[in-house]
Amino acid sequence: MKLTLIKPTIGRQEHSLYIDEGRMEPLMLGVLAGLTPDDVDVVMHDDRMENIPYDDPTDLVAITVETYTARRAYEIAAEYRLRGVKVVLGGIHVSLLPEEAMQHADSIFTGDAETRWAEMIEDARRHRLKPRYDSPVGIGQINHCGHRVLPRREIYQGKGYLPMSLMQFSRGCRFACKFCAVTQYFGRRAYLRQIDEIVREIEQQQRKFIFFVDDNIASDQKALTELCHALTPMKVNWISQASLDVTKNRPLMSLMQKSGCWGNVMGFESINPLSLKDAKKSPNIKDFAHYVEEISVLREHGMQTWAAFTLGYDHDTIESIEQTVEFALKNRFAFAAYNILMPYPNTPLYTQLQQQGRLLYDQQWWLHPEYRFNQAAFTPKLMTAQQLTDACHDARSSFNSLPSIIRRFSDIRMTLQSLSRMATFWRYTLLFRKEVHKKHQMKFGLK
Ligand code: B12
Ligand code: SF4
């Protein structure tokens, strides 16, 4: 039997396909390959940089789907189904909207693959694929027999991914921000892998630079403490995503630094406490004092922070978005993302905007032929959707401008800590600067 795994791209630019130069290894496909019985041949195609060879013979195609890639995923599924090949769709978007996904596949898979993947493969082999597999979410990389599984990283060979290994320690997060799809998928909890498994996974591959793709690696601070103890003797460097409340735990901050942490993506979201309340961003709301304490702790521990902001709340104005950029420049964050508040399907934010009649693009921006990447998909309160789109684009352009890059680079305490951190800063800053402009207004899907 031959299985084809696919990671879809988001879409295309006006005159050419979008090639993602900052692409990372698709960890979920490595995990699916790891869960697959040894007698099945596995190939992987990454639509973010290569053409999909639709006519290559295969018995089953499995596509991972996020909301941003749903339109393209359905196009790819249609191509294979035209050729009589069975297609199964899975991933977060399929779990959020199973009824929609069902219309584009022979079978759908909700939840984590771990417990029912082998059953699904067996069914496909016997030509009796079920229309739907509902599987629980939980601790990653333990198969239906309770065996621990490592991702099969050989499927990434030769595809030009960034030189970092993606791994996952925890899945899920204890918070429940109103816009976040993760809470809908996992509920309000984090599922933890065993630390010795993480150590084994790091040892099993060559790289010393790890991206833990945890939703919030600081969701369980006790577990993070144990992880840091295990990582310290391994002499790796790592980055992840963490909620800001971790800065209140100074011993843990020191441990993170000692264990090789270079910094985290951190959701600042807004500099306006009313917007934070609106977003139910509980890790940021308590004792809000314009992040002065949090930022000083991050700097004290040499963390090169990737500050993530979400713009478009009911209290936001064009001026407040400009102030958010000034805030990021003043604090010289190594990196920053200015994301438009997005109504992801099945989130409380989506329901609220739907009830208020504020959703644009027929309430399904992810499938709409007119929708473009980084466009507002709802009517904000204090500006128009177009003004929000433009203000966010201006914010990204300002933060990624050359004067801003130089100002951030010359931050001795953060960027100039070592030659390797300097090199990493330049490599990724220039890459993000390029990608931000390439992605803007990209169309979804290829048709
Ligand atoms: C790492 C990551 C990234 C990395 C990309 C990594 C890569 N390889 O390219 C970076 C930082 C670049 C990134 C970028 C973006 N991301 Co991102 N990212 C993640 C994150 C944190 C982890 C994903 C991961 O690798 N998990 C590890 C694997 C093992 O777990 P998994 O994906 O859940 O897969 C399991 C199951 O879902 C299931 N499964 C998955 N696929 C399939 C397929 C089949 C056939 C089957 C049977 C099962 C199955 O089985 C797997 C094993 O259990 C997720 C959060 C999350 N919880 O999903 C957000 C997440 C996917 N990202 C999100 C977003 C919005 C983005 C951006 C659009 C942000 C932006 N505005 O630019 C971009 C662009 C995404 C794109 N498609 O290009 C959202 C998507 C929301 C949604 N509804 O789709 C998420 C859920 C975060 C969130 N808080 O909402 N992201
Ligand atoms: S802290 Fe981050 S991962 Fe957790 S619910 Fe909020 S946005 Fe989602």
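Residues numbered from 1 in each chain as written. Chains lettered and ligands numbered in written order. Predicted model: local features only at pLDDT ≥ 70, side-chain atom pairs only at ≥ 80, totals over all residues. Heavy atoms only, no water.

- Under an unreviewed UniProt entry, the chain has the name B12-binding domain-containing radical SAM protein and belongs to Budvicia aquatica.
- Annotation of the chain in UniProt includes, under Cofactor (unreviewed entry), the sentence "[4Fe-4S] cluster". (UniProt positions renumbered as here; feature names shortened; annotations may be inferred.)

### As for the overall build of the chain
Thought 1: The helix and strand tally for the chain stands at 17 helices and 16 strands.
Thought 2: In terms of overall dimensions, the chain is globule-like: its C-alpha atoms have a radius of gyration of 22 Å, near the 22 Å expected for 447 residues.
Thought 3: Each principal axis of the C-alpha atoms in the chain carries an extent, and together these give about 60 × 55 × 40 Å.
Thought 4: In the chain, which comprises 447 residues, the share counted as buried stands at 58%.
Thought 5: A fraction of 74% describes how many contacts in the chain between residues 6 or more apart in sequence connect residues 24 or more apart.
Thought 6: As presented, the chain carries roughly 18700 Å² of accessible surface, and 53% of it is formed by carbon and sulfur atoms.
Thought 7: Distance between charge centres in the chain, computed from 56 positive and 52 negative side chains, equals 3 Å. (Helix = DSSP H or I, 4+ residues; strand = E, 2+ residues; numbered from the N terminus. Rg over C-alpha atoms; globule rule 2.2 N^0.38 Å. Buried < 20%, exposed > 50% of the residue type's maximum accessible area, 1.4 Å probe, protein only. Contact = heavy atoms within 4.5 Å. Areas by Shrake-Rupley, 256 points an atom, 1.4 Å probe, with all protein chains shown as cover. Lys, Arg positive; Asp, Glu negative; His and termini not counted. Charge placed at Lys NZ, Arg CZ, Asp CG, Glu CD.)

### Things to note about the side chain of Gln-141
Thought 1: As for its placement among the helices and strands, Gln-141 is situated in the loop between strand S7 (132–134) and strand S8 (165–167).
Thought 2: Gln-141 has contacts with Val-31, Glu-114, His-147, Arg-148, Val-149, Leu-150, Pro-151, Arg-193 and Glu-201, leaving out every residue within four places of it along the chain.

### Quick notes on the site of ligand 1
Thought 1: In the neighbourhood of ligand 1, 40 residues make up the surrounding shell, with Glu-25, Thr-64, Thr-67, Glu-114 and Asp-215 lying closest.
Thought 2: Contact between ligand 1 and Glu-114: an oxygen atom at 2.6 Å from a side-chain N or O atom of the residue.
Thought 3: Within the side chain of Asn-339, an N or O atom sits 3.3 Å from a nitrogen atom of ligand 1.
Thought 4: At the level of elements, helix H1 (27–35), strand S4 (60–64), strand S5 (86–90), helix H3 (92–96) and helix H6 (181–186) are the ones that each hand at least two residues to the shell around ligand 1.
Thought 5: Among the elements that make up the shell around ligand 1, the one with the highest residue count is H6 (4 residues).
Thought 6: Residue classes in the shell around ligand 1 are distributed as 24 nonpolar, 9 polar and 7 charged.
Thought 7: Each of domain 1 (2–134) and domain 2 (305–447) gives at least three residues to the shell around ligand 1. (Near = heavy atom within 4 Å. Polar contact = N/O pair within 3.5 Å; in protein donor to acceptor, adjacent residues only side chain to side chain. Nonpolar A, V, L, I, M, F, W, Y, C, P; charged D, E, K, R; others polar. Domains from an automatic or database assignment.)

### Quick notes on the pattern of salt bridges
Thought 1: Counted by the stated rule, this structure contains 41 salt bridges.
Thought 2: With a shortest N-O distance of 3.3 Å, Arg-148 and Asp-196 are connected by a salt bridge. One end of the pair, Arg-148, is in the loop between S7 and S8; the other, Asp-196, is in helix H7 (residues 195–203), and 48 residues separate them in sequence. (Salt bridge = Lys/Arg side-chain N within 4 Å of Asp/Glu carboxyl O.)

### Side note on helix H16 (residues 402–409)
Thought 1: All of the buried residues along H16 are Ser-404, Ile-405, Arg-408 and Phe-409. Projected down its long axis, H16 carries its buried residues within an arc of 130°, all on one side. Seen from the open side of H16, the exposed residues pointing more than 90 degrees away from its buried face are Pro-403 and Ile-406.
Thought 2: Of the surrounding secondary structure, the elements contacted by the buried residues of H16 are helix H13 (318–330), strand S15 (335–340), helix H15 (385–399) and helix H17 (419–439). (Arc of directions from axis to C-beta.)

### A closer look at the UniProt feature "domain: Radical SAM core" (unreviewed entry) in the chain
Thought 1: Look at the UniProt record and you will see "domain: Radical SAM core" (unreviewed entry) annotated at residues 156–386.
Thought 2: Secondary structure across residues 156–386 comprises 33% helix and 17% strand; the distance between its end C-alpha atoms is 39 Å.

### Digging into the sheet that holds strand S6 (residues 107–110)
Thought 1: Taken together, 6 strands build an open sheet; the order of strands is S3-S1-S4-S5-S6-S7 and the sheet is parallel. Each end of this open sheet is capped by a strand with a single partner; those strands are strand S3 (41–46) and S7. The sheet shows a mean angle of 20° between the axes of neighbouring strands, taken without regard to direction.
Thought 2: Pairing of strand S1 (residues 2–7) with S4, which is carried by 4 bridges, proceeds in the parallel orientation. Its bridge partner lying in S4, Ile-6 is registered against Ile-63.
Thought 3: Against the sheet, H1 touches S1, S3 and S4, its axis set at about 165° to S1.
Thought 4: Most of the contacts of helix H5 (residues 117–125) go to S4, to which it runs at about 145°, and overall it touches S1, S4, S5, S6 and S7. (Pairing = 2+ DSSP bridges. Axes fitted to C-alpha atoms, helices over the stretch in contact; angles between N-to-C directions.)

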